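# Understanding the architecture of this molecule
What follows is each chain in one-letter form.
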Amino acid sequence: MSNKMWGGRFSERPDEIMEEINVSIDVDRHLFAQDIAASKAHAAMLASQGIITNSDAKNIGKGLDTILSEIGKGDFEFKRALEDIHMNVESRLSELIGPAAGRLHTARSRNDQVATDFRLYVRDIIDETDAALAAFQAALVNRALEHAATVMPGFTHLQTAQPVTFGHHLLAYVEMAARDRGRFQDARKRLNESPLGAAALAGTSFPIDRHATAKALLFDRPMANSLDAVSDRDFVLETLSAASICAVHMSRFAEEIVIWTSPLVGLIRLSDKFTTGSSIMPQKRNPDAAELVRAKTGRVIGALNGLLIVMKGLPLAYQKDMQEDKQGAMEGFAALSLAIRAMTGMVRDLVPDEAKMKAAAGEGYATATDLADWLVRTLKMPFRDAHHVTGRIVAKAAEGGVALHELPLKEMQAIEPKITKEVLGVLSVESSVKSRTSFGGTAPKNVAAQAKVWVKRLEKERK
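Conventions we followed
Residues numbered from 1 in each chain as written. Predicted model: local features only at pLDDT ≥ 70, side-chain atom pairs only at ≥ 80, totals over all residues. Heavy atoms only, no water. Helix = DSSP H or I, 4+ residues; strand = E, 2+ residues; numbered from the N terminus. Rg over C-alpha atoms; globule rule 2.2 N^0.38 Å. Buried < 20%, exposed > 50% of the residue type's maximum accessible area, 1.4 Å probe, protein only. Contact = heavy atoms within 4.5 Å. Areas by Shrake-Rupley, 256 points an atom, 1.4 Å probe, with all protein chains shown as cover. Lys, Arg positive; Asp, Glu negative; His and termini not counted. Charge placed at Lys NZ, Arg CZ, Asp CG, Glu CD. Expected span 1.5 Å × (residues − 1). Core = buried A, V, L, I, M, F, W, Y, C linked by side-chain atoms within 4.5 Å. Polar contact = N/O pair within 3.5 Å; in protein donor to acceptor, adjacent residues only side chain to side chain. Axes fitted to C-alpha atoms, helices over the stretch in contact; angles between N-to-C directions. Parallel < 35°, antiparallel > 145°, perpendicular 65-115°, else oblique. Left-handed = near helix turned anticlockwise from the far one by under 90°. Nonpolar A, V, L, I, M, F, W, Y, C, P; charged D, E, K, R; others polar. Salt bridge = Lys/Arg side-chain N within 4 Å of Asp/Glu carboxyl O. Phe/Tyr/Trp six-rings, centres within 6.5 Å; stacked < 30°, edge-to-face > 60°. Lys NZ or Arg CZ within 6 Å of the ring centre and 35° of its normal.

Secondary structure assignment for the protein yields 18 helices and 6 strands. Relative to a compact globule of 463 residues, whose C-alpha radius of gyration would be 23 Å, the protein shows 31 Å and is clearly more extended. Considering only C-alpha atoms, the protein reaches an extent of 100 × 50 × 40 Å along its principal axes. For the protein, the proportion of its 463 residues judged to be buried stands at 48%. Excluding contacts between residues fewer than 6 apart, the proportion of contacts in the protein whose partners are at least 24 apart in sequence is 74%. Per element, the accessible surface of the protein, about 23,100 Å² overall, is 54% carbon and sulfur. For the protein, the separation between the mean place of its 59 positive charges and that of its 58 negative charges on side chains is 6 Å.

Below, the discussion takes up helix H3 (residues 32-48). In a regular helix each residue adds 1.5 Å, so 17 residues correspond to 24 Å; H3 covers 24 Å between its end C-alpha atoms and thus fits that length. Listing the buried residues of H3 in full gives Gln 34, Asp 35, Ile 36, Ala 38, Ser 39, Ala 41, His 42, Ala 43, Met 45, Leu 46 and Ala 47. Here the buried face of H3 lies against helix H4 (54-73), helix H5 (85-97), helix H6 (110-146) and helix H8 (210-216). The positive-phi residue at the C-terminal boundary of H3 is Gly 50, with phi of around 75°.

Bringing the nonpolar core into the picture now. Among the nonpolar cores identified, the biggest contains 75 residues, and Val 122, Phe 136, Phe 253, Met 343 and Met 346 are the most heavily contacted of them. By residue number, the principal contributor to this core is helix H10 (residues 234-261), which donates 14 residues. Residues in contact with Phe 253, not counting those within four places in the same chain, are Phe 136, Leu 140, Leu 170, Tyr 173, Trp 260, Met 343 and Val 347. By size, the runner-up hydrophobic cluster in this structure holds 23 residues, among which are Leu 46, Ala 57, Ile 85 and Leu 93.

The residue His 86 is located in helix H5 in this model. Overall, the relative accessible area of 5% leaves His 86 in the buried class. Looking at His 86, its side chain comes within polar contact range of the side chain of Asp 35, at 2.8 Å. In this structure, His 86 is in contact with Asp 35, Arg 110, Gln 113, Val 114 and Asp 117, ignoring residues within four places of it in sequence.

Moving on to the packing of H6 against helix H7 (residues 166-191). Packed helices, taken two at a time, are described by the angle between their axes plus the distance between the axes. Running from amino to carboxyl end, H6 crosses H7 at an angle of 165°, the nearest separation of the two axes being 9 Å. What the angle tells us is that H6 and H7 run roughly antiparallel. The hand of the H6/H7 crossing is left-handed. Counted by class, the contact of H6 with H7 contains 17 nonpolar, 4 polar and 9 charged residues.

Attention now moves to the pattern of salt bridges. Per the stated rule, a full pass over the model turns up 23 salt bridges. Here Glu 193 and Arg 221 are joined by a salt bridge, their closest N and O atoms 3.2 Å apart. Here Arg 221 lies in strand S4 (residues 221-222) and Glu 193 lies in strand S3 (residues 193-194), a separation of 28 residues in the sequence. Here Glu 193 falls in the partly exposed class, since its relative accessible area comes to 22%.

Okay, the packing of aromatic side chains next. In this structure the tally under the stated criterion is 5 aromatic pairs. Taken together, a centroid distance of 6.1 Å and an interplanar angle of 70° make the contact between Phe 166 and Trp 260 edge-to-face. Taken as a pair, Phe 166 in helix H7 and Trp 260 in helix H10 lie far apart in primary sequence, 94 residues in all. On the basis of relative accessible area, Trp 260 is assigned to the buried category, the value being 3%. When the centroid spacing of 4.3 Å and the interplanar angle of 15° are considered together, the rings of Tyr 173 and Phe 253 count as stacked. Linking Tyr 173 in helix H7 with Phe 253 in helix H10, this pair joins segments that are 80 residues apart in sequence. Just as Tyr 173 is buried, Phe 253 falls in that class too. Grouped by ring-pair contacts, the aromatic residues Phe 118, Tyr 121 and Phe 235 constitute a single cluster. The side chain of Arg 123 reaches across the aromatic face of Phe 219, ending 5.0 Å from its centre.

Here it is in structure tokens:
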């Protein structure tokens with residue numbers, strides 16, 4: 001019996017294991033909307049060029065619309081025997097409109113079909129991710145405005161370093177998200193070229209208009225080399241790279257939420273909406289959403305590594321290995337989407353313990369740098385000397401078990417006689433953050449101003 005898919009060249013059916021390893025419909029069924037859109041553009045172009053009749057093109061378009069509706073309603077039967085989304089759509093189209101369906105595949109191959117479909121899919125993912133990141137930024141900015149003057153400890157090496165404001169800390173992630181969005185947009189610009197019409201690898205002898213199909217699918221231009229068009233997946237790799245960096249940013253913030261919600265730290269609290277309990281310990285409130293965001297990052301990075309390994313040894317042009325380009329990528333993009341939405345929800349939900357934040361900000365002699373700066377600014381002391389003097393004063397305070405601003409002035413003067421009572425005005429955490437007025441600094445007025453800049457920028461984007 002002749003193989004229905006491959007016609008006269010193959011007379012036997014493939015082995016059952018061959019069918020199982022070769023089938024991709026379980027994954028590429030998710031490309032149905034993109035596949036149908038590309039097919040409609042291709043059919044319209046074929047008719048415009050006189051390669052098929054207008055009547056056939058019209059029937060093809062109507063049939064494809066019917067299939068799109070059937071899939072949307074869940075009435076479409078995906079058949080594994082037909083391998084992929086392309087053959088499933090073509091088979092159903094044949095049932096609907098008869099022999100005219102066979103004309104749709106004129107001047108194209110499944111190679112340029114799948115490359116086109118996947119570019120359209122990744123482009124849609126980028127647009128969805130950009131919108132999700134914009135919502136994440138908006139949530140951060142709103143909370144930053146609310147807490148522009150809320151003092152908290154700033155950390156290096158996870159040790160108390162200098163006081164900052166909670167709003168300033170949140171705005172750091174706004175900037176990271178902005179760079180993430182920029183990377184996605186850069187990837188979008190490079191991927192926005194159409195492979196359609198490259199056919200299997202060499203182009204086609206039919207007088208097609210690749211610029212017309214590119215325009216119809218909102219690509220900037222057709223890809224210039226038919227070999228390149230069907231054989232590279234760098235557009236997926238670049239997008240997964242941007243996704244991996246973005247996921248790392250989400251994971252870092254998630255880790256902070258896990259630390260801050262611990263009773264040992266207790267800087268913030270999450271509500272029941274983003275925590276879970278324990279099956280045995282009734283007192284527990286676990287930050288599972290944040291923990292799962294950390295874990296999702298592994299899926300995204302794994303997808304990037306997996307596709308790099310698939311592509312690393314492939315000669316031109318298309319190789320069947322490239323069928324493995326979709327599942328990992330789709331799972332990675334889905335994981336990132338979920339992580340961004342979960343982080344956005346937690347940002348809106350979290351409640352900082354402002355009193356505990358302020359108290360923690362003053363621990364560990366966090367205003368020691370303010371003392372050193374005062375010595376430089378007021379006594380004109382070289383910074384290295386001021387650093388040494390401050391270190392001795394901190395050691396004295398630690399010896400007495402008191403905070404820096406509680407150390408008697410006489411004991412400071414015993415170390416540096418020129419110190420005056422004016423120094424006490426710079427040693428509180430409030431004074432410390434207010435003094436950090438340099439561009440990008442944590443001073444509350446800076447934070448409020450920068451948050452307002454972001455409010456306007458995000459509002460402008462939405463218009």
